[in-house]
Each structure stands twice: as C-alpha cells, then as structure tokens.
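Structure assessment
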Amino acid sequence: MDEDEKNVSTSKVFTEEEEVSLLKQITKCRQSLCMCVSCSMNELKNLAYQIVREKKRPYPKSWNKNQQTNSEWLKKFKNRHSDKIAELFLPICKVEFTQALMSEQQFSSKEMFTFGQEQAMLTYIKLIKKNCICKNCIMKKIAVEAYRIAREMGKYYPESWDADKQAGRDWLKSFEERNRDEILKLSPICEAELSQETTNRQRSPLEEIFTLEEELEEIFTMEEERSLLKEVKELAEKGFCDCVSCVLEELKLLAYERAWGQINPYPLLWDTNQCADHVWLNKFVIRHDSELAKIPTVCKINLSRP
C-alpha cells in the first residue's frame, strides 16, 4: 500500500452527518428486504462506494476492486455507530434463517430416517398387520408409526403432523419412492374391505329396509312403549311384586290389551295367547334395556314361597 492509499484509508471519507445519512438511506431502501445487520452493512458498502464516486471524493483505490468499501472502513464505521446500528437493524438474518429452515424441512420431510430405519419400520408394520397387508392399510399404519417414532426420537417434522397425528402425504410419497421394491410386493386388494363387502352381500335383502320407528309403526311407537313400561311399573309397585320378571309378564298382557283396544295391527299369535309374544318382548327388552336395568331383579313371589 503506497503512502497516499494509507492516508486515505485511515481518514474518514464521510463526515459524521453524512454517515448518519447513509444509515437512514439504508434503512429506507431495505424496508421490504432483510433488515439484519449483515445484509444492511453489505448494502452500505455498495452505497458508500457509489456516493464517493458520484461526489468525486478521495477514497482508497482498493475499493475499486469489488466496487464497494473495504472491510477496514466498514469495521471502523460500525464501531463509530454501534448503538445506532443496533437500534435500526436486526441481529438475525431473515434470508439465512429462511434458507436454513427450508433446508432443515427438506431434510426432515424426505430424509428423516435412514434407509435401514425405514426398512425396519416397514418390516415391523407388516408383522403386526396380520389382518391385512395391502398397500393402503400398510401405508396408513406407516404414517402413524413414523409420527410416533419421530416424536420419540426428537426429530424435526412439519407442524401438520401434530394436527393429523401422522406423517404427511409428501413424506409418505417420498417414503414410497425410496422403498419402491418393497411397496410393490404389497397386495393392492384390501382383505378387510373385501371381507366387509362379502358380509354385506350375504345379508338378507330384508335387513335394514325399515328404520326402528318404521318397524314399530304397526304396533307401538317408541313413545307408546315408554308409556306402557311406565304404566306397568306403577301397577307392579302397587301390586304384590315389582321385579323385572313380573313386570315383563304384566307388560305382555298390557301390550296386547292396548294393541287390541287401539286396533293396532299385531301378530295373530297374540290373540291365541291373549298377550304379546316372546319375539316382540325380546325386542322390547333390547330397546329399553337401560330402563329395565333399574328394576329390581329379586322376585318377592318366589321369596314368599316355602
């Protein structure tokens, strides 16, 4: 470095007021960009060089090499305005942080586990999914298991995994690509769905044609049945025994009487026995099991017998 270069580099190129103005200009032009110290100071080096050239100020010749101020000048500038720089600019670089986050997300979503770990996971899932090892069922289980393992191992994963309690579609897609040979060996047909479909086909065509209310429409509505039960319980409490067995026996008689009196359609067998049949009674018990469970089970009549 010659004497002139040394003298210029050690002197202040700008006045105090001009340097403060530089900081204000940087703040203004970077409002829509990253406002961190690092990015702003890099911008400052370019702006300072541009201004000294326009104003034909003396400056170190070394600035011409990169068409910006050198590190020595910037270091002294930062020391002179450290408080102002800390006030105006952020310590964290938005650009670097975003790039690092994207890189971490990319690694986490595509390479969260080693190939060996993924192979072990796939083998384990196939062993525990004995009822069906089709591709669809296995991949669903893989999604859940991957999320569980990632949490236990403290892996970084997308927030959406927590919401769904399973791995996301992007990760599953990449998992399938990485383990393509093993995935192709899985059956495309779901045995569980096939079994359910077969069961549905085997059902009687008369099943589930009518709703519960429609089935009862020809005899009693649910409200009428509740009324019958309430009436029978009141009669039983006033009578000799109010156990569930006696209540149901009385219910058969009252149901027939009510159906006959209201001219409700009922099975002809009811006329033969002068009471409701066991088929109707069994269905009644199922429909009102919670209410019948409140009735005593011990029969007073049987207890009174020698």
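Just so you know, these numbers come straight off a predicted model, no measurement behind them.

As a further point, take the overall build of the protein. When helices and strands are tallied, the protein shows 20 helices and zero strands. Expressed as a percentage of its 306 residues, the buried residues of the protein come to 34%. Taking contacts inside the protein between residues at least 6 apart in sequence as the whole, the part at least 24 apart equals 64%. When the accessible surface of the protein is summed, it comes to about 20700 Å², and 53% of that surface belongs to carbon and sulfur atoms.

So, about the side chain of Glu-19. With respect to the helices and strands, the residue Glu-19 is situated in helix H2 (residues 16–29). In contact with Glu-19, not counting residues within four places along its chain, are Lys-12, Phe-14, Trp-73, Phe-77, Arg-80 and His-81.

In this model, helix H3 (residues 37–54) (18 residues) spans 25 Å end to end at C-alpha, consistent with the 26 Å of a helix rising 1.5 Å per residue. What H3 keeps buried is the set Cys-39, Ser-40, Met-41, Leu-44, Lys-45, Leu-47, Ala-48, Tyr-49, Ile-51 and Val-52. Buried residues belonging to H3 abut H2, helix H4 (63–66), helix H5 (71–80) and helix H6 (82–88). Just beyond H3, the residue with positive phi is Lys-56, at close to 55 degrees.

Moving on to the packing of H3 against H5. One can describe the packing of H3 onto H5 by two numbers: an axis separation of 11 Å at closest approach and a directional angle of 115 degrees. Of the possible angle classes, the one that applies to H3 and H5 is roughly perpendicular. Crossing handedness for the pair H3 and H5: right-handed. Together, Met-41, Leu-44, Lys-45 and Ala-48 of H3 and Trp-73, Leu-74, Phe-77 and Lys-78 of H5 make up the contact between the two elements. When its residues are assigned to classes, the contact of H3 with H5 shows six nonpolar, no polar and two charged.

Another point: the pattern of salt bridges. On inspection of all chains with the given rule, the structure shows 15 salt bridges. Across the pair Glu-19 and Arg-80 runs a salt bridge whose closest N-O atoms are separated by 2.7 Å. Linking Glu-19 in helix H2 with Arg-80 in helix H5, this pair joins segments that are 61 residues apart in sequence. Its relative accessible area of 32% is what places Arg-80 among the partly exposed residues. Residues Glu-291 and Lys-233 are paired through a salt bridge, measuring 3.2 Å at the closest nitrogen-oxygen approach. Highlighted residues: Glu-291 in helix H19 (residues 289–292) and Lys-233 in helix H15 (residues 222–238), separated in sequence by 58 residues. Note on Lys-233: relative accessible area 22%, which makes it partly exposed. A cluster of three or more residues bridged by salt bridges with shared partners is formed by Glu-145, Arg-148 and Glu-152.

Right, let's get into the packing of helix H9 (residues 135–152) against helix H11 (residues 169–178). Relative orientation and spacing of two packed helices are given, respectively, by the angle between their axes and the distance between those axes. Where H9 meets H11, the axes come as close as 11 Å, and the angle between the chain directions of the two elements is 120 degrees. One element, H9, and the other, H11, form an angle in the oblique class. Seen from above, H9 lies across H11 with right-handed handedness. Of H11, the residues touching H9 (which contributes Lys-135, Met-139, Ile-142, Ala-143 and Ala-146) are Trp-171, Leu-172, Phe-175 and Glu-176. Its residues assigned to classes, the contact of H9 with H11 shows seven nonpolar, no polar and two charged.

About the cut-offs
Residues numbered from 1 in each chain as written. Predicted model: local features only at pLDDT ≥ 70, side-chain atom pairs only at ≥ 80, totals over all residues. Heavy atoms only, no water. Helix = DSSP H or I, 4+ residues; strand = E, 2+ residues; numbered from the N terminus. Buried < 20%, exposed > 50% of the residue type's maximum accessible area, 1.4 Å probe, protein only. Contact = heavy atoms within 4.5 Å. Areas by Shrake-Rupley, 256 points an atom, 1.4 Å probe, with all protein chains shown as cover. Expected span 1.5 Å × (residues − 1). Axes fitted to C-alpha atoms, helices over the stretch in contact; angles between N-to-C directions. Parallel < 35°, antiparallel > 145°, perpendicular 65-115°, else oblique. Left-handed = near helix turned anticlockwise from the far one by under 90°. Nonpolar A, V, L, I, M, F, W, Y, C, P; charged D, E, K, R; others polar. Salt bridge = Lys/Arg side-chain N within 4 Å of Asp/Glu carboxyl O.

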